[in-house]
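Chain and residue survey
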Amino acid sequence: MAMRHFRHLPPDIRGALFHREPAEFTPDAPATTLAVALGATLYSPATRRALAADVRKQGARGVVSMVLCLEDSIDDAEVPHAEANLVRQLTELDRASRDGADAPPLPLLFVRVREPGQVRDLVRRLGPAVRLLSGFVLPKFTEERGVPFLTAVAEAEAESGARLFAMPVLESPELLHLETRAETLAGIARATTAHRERVLALRLGVTDFCSAYGLRRTPEMTAYDVQLVASVIGDVVNLLGRADGTGFTVTGPVWEYFRPPERMFKPQLRRSPFMSGRADALRTTLIEHDMDGLLREIELDRANGLLGKTCIHPSHVPPVHALSVVSHEEYSDATDILLPERNGGGVMRSAYTNKMNEVKPHRAWAERTLRRAEVFGVARAGVGFVELLAASVE
């Protein structure tokens, strides 16, 4: 069944919010579409007793991608139980999805494994239920450790006949340490380029980066305020996120907090965008739940070339998706830049008369913006992320 961002909203609400509604897509869509559509990827331990029900519930609430984790989120001793639970729960989901033709579509499902041998073993144990899997998340990825994982995914795909993607997690100390970073990045580039058709996106493991130096950012600080982390993000995008056809989609780091301790700094959200309808109350709620730092980090993710985000709590999903919608102004600029008559280049004033659009330097940005517009939609003029977020958390 086709998926669609904001599908959980009633049609009249979507019509009021969107100039151009998000398009439908299926798990069989091109990798370039799925990589952009991942959005807020929600992690869940594979040990959860109600895992199948959780997947259905989150899908009905607008989650489009989930990772069922067999790695850091569970104790080492729990792995055999977690594997058995995962197979049992996905088999239940498969049976229910075949019987319930009118059920909401399930999210794209990925399994985070610990070692290459788990990939083929799990695919074999899943049998027909493997059709629900979109792929595997590969931890602590370097060239040396990552190639056996990528080979295992390719072999599992060949054996099962299912299309299986890989999402490497860049989180190893070798990537963080200055003396090994360049060669580690070069190795990751070699490995992922050799398996380009299988690598859906690259994920950043910022918690592990901080761990290597005994650091943990506070709720008032984004990943970009921690200079060690920010430097790695910049280098990863520099080599692996290029817009010249050689790069990959790189997703934003996890936000760890649900509720704040005593705040040290003033709230970062300005008051002015929050003055209509429920918006002022929503602003207060976001600050009380320490979401203003998350919103700022999402904006900085995009400014630094990242798309989508790892999430460990359902409350983080609506902000990520609301801020992924293309604004009417962005859409206007992007479509103007990409008009056929602009192929020769040039500079023109934007339709909003507040900036200059330079065709050749802004072309890659415009193309990327329209890819995002396809799956997340375009907001109506005057509709901002607050209205989108308010509708999503009703």
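An account of the accompanying structure is given in this report.

1. Quick look at the overall build of the chain
Each helix and strand counted, the chain has 16 helices and 12 strands in total. Rg of the C-alpha trace for the chain: 21 Å, near the compact-globule value of 21 Å for 394 residues, within the 12% margin. Each principal axis of the C-alpha atoms in the chain carries an extent, and together these give about 60 × 50 × 50 Å. For the chain, with 394 residues in total, the buried portion stands at 51%. Partitioning the intrachain contacts of the chain with sequence separation of at least 6 by distance along the chain shows that 77% fall at a separation of at least 24. For the chain, the accessible surface area stands at approximately 17,400 Å², while carbon and sulfur atoms represent 53% of it. The averaged location of the 51 negative side-chain charges in the chain is 3 Å from the averaged location of its 48 positive side-chain charges.

2. Comments concerning the pattern of salt bridges
This model, assessed by the stated rule, comprises 36 salt bridges. Close ionic contact of Arg48 with Asp54 constitutes a salt bridge, the shortest N to O distance being 2.5 Å. Taking the relative accessible area as the measure of exposure, Asp54 reaches 11% and is therefore buried. When the shortest N-O distance is used, the salt bridge between Glu183 and Arg190 registers 2.9 Å. We classify Arg190 as partly exposed; its relative accessible area is 43%. Connected through shared salt-bridge partners, Glu71, Asp72, Arg112, Lys140, Glu171 and Asp208 make up one network.

3. Looking at the sheet that holds strand 6 (residues 165–170)
In space, the 8 strands of this open sheet follow the order 8-7-6-5-4-3-2-9, with parallel pairing throughout. The two strands at the open ends of the sheet, each matched to only one other strand, are strand 8 (250–251) and strand 9 (309–311). Relative to strand 4 (residues 108–112), strand 3 (residues 65–69) is paired through 5 bridges, and the arrangement is parallel. Looking at the pairing, Met66 lines up with Leu109 of strand 4. Each of strand 2 (40–45), strand 3 and strand 4 touches helix 3 (residues 51–60); the most contacted strand, strand 3, lies at about 160° to it.

4. Comments concerning the nonpolar core
Within the largest apolar cluster, 75 residues are counted, with the highest numbers of intra-cluster contacts made by Leu86, Val113, Phe136, Leu138, Leu170 and Val236. Once you skip the residues sitting within four places of it in the chain, Phe136 turns out to touch Phe110, Val111, Val113, Val119, Leu122, Val123, Val153, Leu164, Phe165, Ala166 and Met167.

5. Considerations on the packing of aromatic side chains
Overall, the coordinates contain 2 aromatic pairs when judged by the stated rule. Ring geometry for Trp255 and Tyr257: centres 6.2 Å apart, planes at 65°, overall edge-to-face. Summarising the burial analysis for this pair, Trp255 and Tyr257 share the class buried. If you follow Arg196 out to its NZ or CZ, it ends over the ring of Phe248, 4.4 Å from the centre.

6. Thoughts on the environment of Arg124
Assignment of secondary structure puts Arg124 in helix 5 (residues 116–126). Separated by 37 residues in sequence, Arg124 and Val87 have C-alpha atoms that sit 9.9 Å apart.

7. Observations concerning the pairing of strand 2
Within strand 2, 5 of the 6 residues are buried, leaving the element largely enclosed by the surrounding structure. Bridge count between strand 2 and strand 9: 3 bridges; the pairing is parallel. Within strand 9, the residue paired with Thr41 across the bridge is Thr310. Bridge count for strand 2 against strand 3 is 5 bridges, and the pairing is parallel. The residue of strand 3 that forms the bridge with Pro45 is Cys69. For the crossover that starts at strand 2, traverses helix 3 and ends in the parallel strand 3, the hand is right-handed.

8. Description of the pairing of strand 3
In terms of burial, strand 3 is a largely internal element, 5 of the 5 residues being buried. Judged by which residues are buried, strand 3 turns out to be covered on both faces: Ser65, Val67 and Cys69 on one side and Met66 and Leu68 on the other are all buried.

9. What about helix 8 (residues 178–194)?
Spanning 17 residues, helix 8 covers 25 Å between terminal C-alpha atoms, matching the ideal 24 Å at 1.5 Å per step. Burial in helix 8 covers these residues: Arg181, Thr184, Leu185, Gly187, Ile188, Ala189, Ala191 and Thr192. Close packing links the buried residues of helix 8 with helix 6 (143–160), strand 6, helix 7 (173–176), strand 7 (202–204) and helix 10 (227–240).

10. Considerations on the packing of helix 5 against helix 6
At a minimum axis separation of 8 Å, helix 5 and helix 6 run at an interaxial angle of 15°. If you check the angle between helix 5 and helix 6, you find them roughly parallel. Pair helix 5 / helix 6 crosses with right-handed handedness. Residues Pro116, Val119, Arg120, Val123 and Arg124 of helix 5 form the contact with helix 6, whose own contacting residues are Pro148, Phe149, Ala152, Val153, Glu155, Ala156, Glu159 and Ser160. In terms of residue class, the contact of helix 5 with helix 6 is built from 8 nonpolar, 1 polar and 4 charged.

Calculation criteria
- Residues numbered from 1 in each chain as written.
- Predicted model: local features only at pLDDT ≥ 70, side-chain atom pairs only at ≥ 80, totals over all residues.
- Heavy atoms only, no water.
- Helix = DSSP H or I, 4+ residues; strand = E, 2+ residues; numbered from the N terminus.
- Rg over C-alpha atoms; globule rule 2.2 N^0.38 Å.
- Buried < 20%, exposed > 50% of the residue type's maximum accessible area, 1.4 Å probe, protein only.
- Contact = heavy atoms within 4.5 Å.
- Areas by Shrake-Rupley, 256 points an atom, 1.4 Å probe, with all protein chains shown as cover.
- Lys, Arg positive; Asp, Glu negative; His and termini not counted.
- Charge placed at Lys NZ, Arg CZ, Asp CG, Glu CD.
- Salt bridge = Lys/Arg side-chain N within 4 Å of Asp/Glu carboxyl O.
- Pairing = 2+ DSSP bridges.
- Axes fitted to C-alpha atoms, helices over the stretch in contact; angles between N-to-C directions.
- Core = buried A, V, L, I, M, F, W, Y, C linked by side-chain atoms within 4.5 Å.
- Phe/Tyr/Trp six-rings, centres within 6.5 Å; stacked < 30°, edge-to-face > 60°.
- Lys NZ or Arg CZ within 6 Å of the ring centre and 35° of its normal.
- Right-handed = clockwise from strand over helix to strand, strands pointing away.
- Expected span 1.5 Å × (residues − 1).
- Parallel < 35°, antiparallel > 145°, perpendicular 65-115°, else oblique.
- Left-handed = near helix turned anticlockwise from the far one by under 90°.
- Nonpolar A, V, L, I, M, F, W, Y, C, P; charged D, E, K, R; others polar.

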